[in-house]
Amino acid sequence: KRREALKEHRQTKWYKLSTWWAVGALCVGTREKTDELIEELTVRNRELRQTLDYLHRTKQELDLQELLARTDELTRLYNRRCFNDQIIHFMDRAKVEKIGLALLLIDLDGFKSINDVFGHASGDAALVHVAEIVRSDVRRYDLPCRLGGDEFAVLFFDIGASDARTRGRQIR
């Protein structure tokens, strides 16, 4: 009986009218609230875009700083800090993958005399030239480094002994 009474009540004009009025009031309130929410979301999205742009610029700056901290300013080869960090990773990876690893150490004989006789600018040019030679004879996954002064190192990854000797001779 209650269901039938409720069903009959819902069929009355008064129920339909009050329902439409409530829905209309809800829609008006919802419309105003929706406009406020859209405005707030627009502001938040703008703030989020600005924050993301800032984070992107910060990441680029940090990447550049990390690169500068790991490379030699003159030769643009990796530096001693990078070499010290990476040699352990290279050794661990070579051990796990059971592949060859070779280290080539380069010391320029008589380099001091270049600086003494021709000046430091000529010495710097000689170092840059040596770095270009080293860089041209390594693969993308090797690690060419300037350890400091006239000392260079190349860490060859995934290489056999005879290939390492050949590469060393090519660089020499």
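Residues numbered from 1 in each chain as written. Predicted model: local features only at pLDDT ≥ 70, side-chain atom pairs only at ≥ 80, totals over all residues. Heavy atoms only, no water.

(A) Geometry of the pattern of salt bridges. Counted under the stated rule, the structure contains 7 salt bridges. Here D72 makes a salt bridge to R146, at a shortest N to O gap of 3.1 Å. Highlighted residues: D72 in the loop between helix 2 (13-70) and strand 1 (78-79) and R146 in strand 3 (residues 143-148), separated in sequence by 74 residues. Residues D72 and R146 agree in their burial class; the two are buried. The shortest N-O distance in the salt bridge between D142 and R139 comes to 2.9 Å. Owing to a relative accessible area of 5%, D142 belongs among the buried residues under this scheme. What makes R139 buried here is its relative accessible area of 18%. (Salt bridge = Lys/Arg side-chain N within 4 Å of Asp/Glu carboxyl O. Helix = DSSP H or I, 4+ residues; strand = E, 2+ residues; numbered from the N terminus. Buried < 20%, exposed > 50% of the residue type's maximum accessible area, 1.4 Å probe, protein only.)

(B) Layout of the pairing of strand 4 (residues 151-157). Of all 7 residues that make up strand 4, 6 are buried, and the element is covered over most of its length. Pairing of strand 2 (residues 101-107) with strand 4 involves 7 bridges; the strand directions are antiparallel. The partner of L104 across the bridge, within strand 4, is V154. In terms of strand pairing, strand 3 meets strand 4 through 5 bridges, oriented antiparallel. Residue pairing across strands places C145 opposite A153, the latter belonging to strand 4. (Pairing = 2+ DSSP bridges.)

(C) Looking closely at the sheet that holds strand 1. Here 4 strands make up an open sheet; going across it, the order is 1-3-4-2 and the pairing mixed. Strands at the two margins of the open sheet, each flanked by one partner only, are strand 1 and strand 2. Sheet contacts for helix 6 (residues 161-171): strand 2 and strand 4; angle to strand 2, the most-contacted strand, approximately 25°. (Contact = heavy atoms within 4.5 Å. Axes fitted to C-alpha atoms, helices over the stretch in contact; angles between N-to-C directions.)

Treat this as a map of the structure, not an account of what it does.
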